[in-house]
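Chain residues, written in single-letter form:
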Amino acid sequence: MMDITLVWGDITEQQVDAIVNAANSSLMGGGGVDGAIHRRGGPAILDECRKLRASRFGGGLPTGYAVATTAGELPARWVIHTVGPVYSAAEDRSDLLASCYRESLRVADELGARTVAFPAVSAGVYGWPIHDAARIAVGTVLSTPSQVVEARFVLFTEDAYRAFQSALAAV
Ligand code: AR6
């Protein structure tokens, strides 16, 4: 039975088995939550990302996929990197965003991670409207079978926290 919890805070401080990173296909880091994770986790994360680029993901990690690395110096054991879609008003990319959460949970099961912290994937630089991002995140995690016992959404802003509260209240 999975518990969904909400935290207003910084995902890099979470004491969980795995934290999810809203990465980009290059896996080479970036701004937002990705930048914070690499900064706080140290170079071991980028080292493993480089190895993934040299092996399984030579063309980059496709949108909607997820892959794990060490969490380096972070309190978590693993970082699960996923690539959200860039929001488009012209094209419905919701299933790609849902895939990020499904694939992250699948990777968490492979690792044996029981507690997993998620950011609001695609809701920053990638422009996804926060209420819709929250609805997709909560709905997908709740409807995906896994061994994870706690899915913790860690929201960086008050707006995002409130959007996830409403999304959770609506299910
Ligand atoms: N803890 C939790 N959430 C955070 C943190 C943090 N420390 N920092 C930011 N957020 P974004 P995206 C929130 O832009 O939209 C990067 O450059 C933020 O407020 O990090 O998927 C990547 O390399 C927002 O609600 O990710 C990609 O190029 C949410 O995390 C691109 O951005 C996601 O915002 C991915 O864009």
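The structure presented is a predicted model; accordingly, all values stated were derived computationally and were not measured.

(A) Layout of the pairing of strand S2 (residues 18-23). Counting buried residues along S2, 5 of its 6 residues qualify, which places the element largely inside the surrounding structure. Looking at chain direction, S2 and strand S4 (residues 78-83) are connected through 6 bridges and run parallel. Within S4, the residue paired with Ala22 across the bridge is Thr82. Looking at chain direction, S2 and strand S5 (residues 115-118) are connected through 2 bridges and run parallel.

(B) How the structure looks around the packing of aromatic side chains. According to the stated counting rule, one finds 6 aromatic pairs in the structure shown. Each ring, one from Tyr101 and one from Phe118, has its centre 5.4 Å from the other, and the planes form 45°; the classification is tilted. Here Tyr101 is found in helix H3 (residues 94-111), whereas its partner Phe118 is found in strand S5, with 17 residues between them in sequence. The exposure class assigned to Tyr101 is buried, which follows from its relative accessible area of 1%. Residue Phe118 is classed as buried on the basis of its relative accessible area of 0%.

(C) Layout of the packing of H3 against helix H4 (residues 130-143). For the pair H3 and H4, the least separation of the axes is 9 Å and the interaxial angle reads 40°. The orientation of H3 with respect to H4, classified from their angle, is oblique. H3 and H4 meet at a crossing whose hand is right-handed. Of the residues in H4, those touching H3 at Ser94, Leu97, Ala98, Tyr101, Arg102 and Leu105 are Ala133, Ile136, Ala137, Thr140 and Val141.

(D) Seen up close, the site of the ligand. Taken together, the neighbourhood of the ligand is formed by 22 residues, with Asn24, Gly31, Asp34, Gly124 and Val125 sitting nearest. Residue Ser122 places a main-chain N or O atom 2.8 Å away from an oxygen atom belonging to the ligand. With respect to the ligand, the backbone of Gly124 contributes an N or O atom lying 2.8 Å from an oxygen atom. Among the cavities detected, the one that contains the ligand is the largest pocket. Per element, the largest residue contribution to the shell around the ligand is 4 residues, and it comes from helix H1 (residues 32-41).

Criteria and cut-off values
- Residues numbered from 1 in each chain as written.
- Predicted model: local features only at pLDDT ≥ 70, side-chain atom pairs only at ≥ 80, totals over all residues.
- Heavy atoms only, no water.
- Buried < 20%, exposed > 50% of the residue type's maximum accessible area, 1.4 Å probe, protein only.
- Helix = DSSP H or I, 4+ residues; strand = E, 2+ residues; numbered from the N terminus.
- Pairing = 2+ DSSP bridges.
- Phe/Tyr/Trp six-rings, centres within 6.5 Å; stacked < 30°, edge-to-face > 60°.
- Axes fitted to C-alpha atoms, helices over the stretch in contact; angles between N-to-C directions.
- Parallel < 35°, antiparallel > 145°, perpendicular 65-115°, else oblique.
- Left-handed = near helix turned anticlockwise from the far one by under 90°.
- Contact = heavy atoms within 4.5 Å.
- Near = heavy atom within 4 Å.
- Polar contact = N/O pair within 3.5 Å; in protein donor to acceptor, adjacent residues only side chain to side chain.
- 1 Å grid on protein atoms, 1.4 Å probe; cavity = no way out; pocket = protein on both sides within 12 Å on 5 of 7 lines; lining within 4 Å.
- Sits in = over half its atoms within 2 Å of the grid points.

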